[in-house]
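Next come the chains, spelled out residue by residue.
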Amino acid sequence: VSICTLDDMKQLYDGFDLAAPNTSVSMTINGPAPAILAMFLNTAIDQGLDRFALEQGRQPNPEEAATIRAHVLRQVRGTV
């Protein structure tokens, strides 16, 4: 799969809850690993922020957003 932008990554994982305890993603990459990992983690965080906005009918405030980010980063699993 060709991933060039954060939007590409979001499209690739649309429909998958990347922070779900039963979701684990494995990527076989070399040189671009740091950039792809950063896009993957940001995609997972954006999913959490989007879920909050959908469920609450508003964007999270800065404190709520920080809590969501921390939760997602504790939950997301996989290998690079």
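Scroll up for the structure.
Since we're looking at a predicted model, the values are computed, not measured.

## Some remarks on the overall build of the chain
1) Next: When helices and strands are counted, the chain shows three helices and two strands.
2) Next: Listing each helix as α and each strand as β along the chain from the N terminus yields α-β-α-α-β.
3) Next: Taken against the 2.2 N^0.38 rule, which gives 12 Å for 80 residues, the C-alpha radius of gyration of the chain at 13 Å falls within 12% of a compact globule.
4) Next: Looking at the chain as a whole, 34% of its 80 residues qualify as buried.
5) Next: If you take every contact in the chain between residues at least 6 apart in sequence, the share linking residues at least 24 apart comes to 66%.
6) Next: About 5,300 Å² of surface is accessible on the chain, with carbon and sulfur atoms providing 54% of the total.
7) Next: Across the chain, 6 positive and 9 negative side-chain charges occur, with their mean positions spaced 6 Å apart.

## Thoughts on the nonpolar core
1) Next: Met9, Tyr13 and Phe40 are the most contacted members of the largest nonpolar core, which has 18 residues in total.
2) Next: Listed by contribution, the elements that provide at least two residues to this core are helix 2 (33–56) and helix 3 (62–75).
3) Next: If near-sequence neighbours (up to four positions away) are discounted, Tyr13 is found in contact with Leu18, Val25, Met27, Phe40, Thr43 and Gln47.

## Here's the deal with the pattern of salt bridges
1) Next: Applying the stated criterion across every chain yields a total of three salt bridges.
2) Next: We note a salt bridge from Lys10 to Asp46, for which the minimum N-O separation is 2.7 Å. With a gap of 36 residues between them, Lys10 in helix 1 (residues 6–12) and Asp46 in helix 2 connect regions that are remote in the sequence.
3) Next: Accessibility expressed as a relative area gives 30% for Lys10, which makes it partly exposed.
4) Next: For Asp46, a relative accessible area of 19% gives the class buried.
5) Next: Close ionic contact of Asp17 with Arg51 constitutes a salt bridge, the shortest N to O distance being 3.0 Å. Pair noted here: Asp17 is in the loop between helix 1 and strand 1 (25–26) and Arg51 is in helix 2, with a separation of 34 residues, a long-range link.
6) Next: With relative accessibility at 31%, the residue Asp17 sits in the partly exposed group.

Cut-off values and rules
Residue numbers restart at each chain and count upward from 1, following the sequence in its written direction. The model is predicted, so local features are restricted to residues of pLDDT at least 70 and side-chain atom pairs to those at 80 or more, both for listing and for counting; the totals for chains, interfaces and linings are taken over all residues. Only hydrogens and water are removed before side-chain values are computed, so all heavy atoms of the structure are retained for them. Comment: elements are numbered from the N terminus, with helices defined as DSSP H or I runs of at least four residues and strands as E runs of at least two. We compute the radius of gyration over the C-alpha atoms and compare it with the globule rule, which gives 2.2 Å times the number of residues raised to the power 0.38. Here's how the labels work: a residue is buried when its accessible area is under 20% of the maximum for its type, exposed when over 50%, partly exposed in between, all with a 1.4 Å probe on protein chains only. The contact definition used throughout considers only heavy atoms, calling two residues in contact when any of these lie within 4.5 Å. Per-residue and other accessible areas follow the Shrake-Rupley method at a 1.4 Å probe size, with only the shown protein chains counted as cover for residues. When charges are tallied, Lys and Arg are placed among the positive residues and Asp and Glu among the negative ones, while His and the ends of the chain are skipped. Charged groups are reduced to one reference atom each: NZ for lysine, CZ for arginine, CG for aspartic acid, CD for glutamic acid. Within this scheme, the nonpolar core is defined by two criteria: the residues are buried Ala, Val, Leu, Ile, Met, Phe, Trp, Tyr or Cys, and they are joined through side-chain atoms within 4.5 Å. Salt bridges, as used here, are contacts in which a Lys or Arg side-chain nitrogen is within 4 Å of a carboxyl oxygen on Asp or Glu.

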